[in-house]
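# Descriptive structure summary
Okay, here's what each chain looks like letter by letter:
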Amino acid sequence: MHKDKVFKLAKGFRGRAKNCIRIARERVEKALQYSYRDRRNKKRDMRSLWIQRINAGTRQHGVNYGNFMHGLMKENIQLNRKVLSELSMHEPYSFKALVDISRNAFPGNKNVMIPPKKVGLSVVL
């Protein structure tokens, strides 16, 4: 890499990493390695977050994530995890309709008990 390009990429680094070419080149190369790696990790982290949100939404209706997704697959409902997580957070009635469809499609969903809602101290014995 040319010196000017290295210094342009090293702008904002601390110490000699911003103005000494040898150190700046090492730091820039390492920073580019981190950015390459983390572009892939970001996709992994987002998918994990979507799955957690869907799981939280389905458990409110007494179904776990795996059975919910299997029921949707059997009904050939092709919504991705990003859309399902948005529905679970912002459209609870639409998401409940999807949970009901999934519950009817997969027999494993019907045996699950819906947990009682906890309201104050009335549930505690």
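For the structure, see preceding data.
Presented here is an overview of the structure given in this document. (Residues numbered from 1 in each chain as written. Predicted model: local features only at pLDDT ≥ 70, side-chain atom pairs only at ≥ 80, totals over all residues. Heavy atoms only, no water.)

## Quick word on the pattern of salt bridges
To keep it simple, the criterion reads: Take a side-chain nitrogen of Lys or Arg and a carboxyl oxygen of Asp or Glu: if they are within 4 Å of each other, that pair is a salt bridge. Per the convention used, a helix needs a DSSP run of H or I reaching at least four residues, while a strand needs a run of E reaching at least two, with both numbered from the N terminus. Relative accessible area decides the class of each residue, using a 1.4 Å probe on protein chains only: under 20% of the type maximum gives buried, over 50% gives exposed, and in between gives partly exposed.
Using the criterion set out here, one finds 3 salt bridges in the structure. Note that aspartate 100 is salt-bridged to lysine 96, the shortest N-O span being 3.3 Å. Of this pair, aspartate 100 and lysine 96 both sit in helix α5 (residues 92–105), 4 residues apart, roughly one helical turn. The exposure class assigned to lysine 96 is partly exposed, which follows from its relative accessible area of 34%.

## Side note on helix α2 (residues 21–59)
Note the threshold: For a helix, the expected span equals 1.5 Å multiplied by the residue count minus one. In this scheme, the bend at a residue equals the angle between the axes fitted to the seven residues that finish there and the seven that begin there. We call two residues in contact when some of their heavy atoms are within 4.5 Å.
Its 39 residues place the ends of α2 55 Å apart at the C-alpha level, agreeing with the 57 Å of an ideal helix rising 1.5 Å per residue. Along its length, α2 reaches its greatest deviation from straightness, about 25°, at arginine 39. Those residues of α2 that sit buried are Ala24, Val28, Trp50, Ile54, Gly57 and Thr58. Against the buried residues of α2 lie α1 (3–9), α3 (65–74), α4 (81–90) and α5.

## Quick notes on the environment of leucine 9
Relative to the elements of secondary structure, leucine 9 occurs in helix α1. A C-alpha to C-alpha distance of 9.6 Å links leucine 9 and arginine 27, two positions 18 residues apart in sequence. If we skip the residues at most four places from it in the chain, leucine 9 touches Met1 and Val28.

## A look at the packing of aromatic side chains
In plain terms, the rule: We call Phe, Tyr and Trp rings a pair once their centres come within 6.5 Å, taking the six-membered ring for Trp, and we label the pair stacked below 30 degrees between planes, edge-to-face above 60, and tilted otherwise.
As enumerated under the stated definition, the model contains 1 aromatic pair in all. For the pair phenylalanine 68 and phenylalanine 95, a centre-to-centre distance of 5.4 Å together with 50° between the ring planes defines the contact as tilted. Of this pair, phenylalanine 68 sits in helix α3 while phenylalanine 95 sits in helix α5, placing them 27 residues apart in sequence. Assigned by exposure class, phenylalanine 68 and phenylalanine 95 land together as buried.

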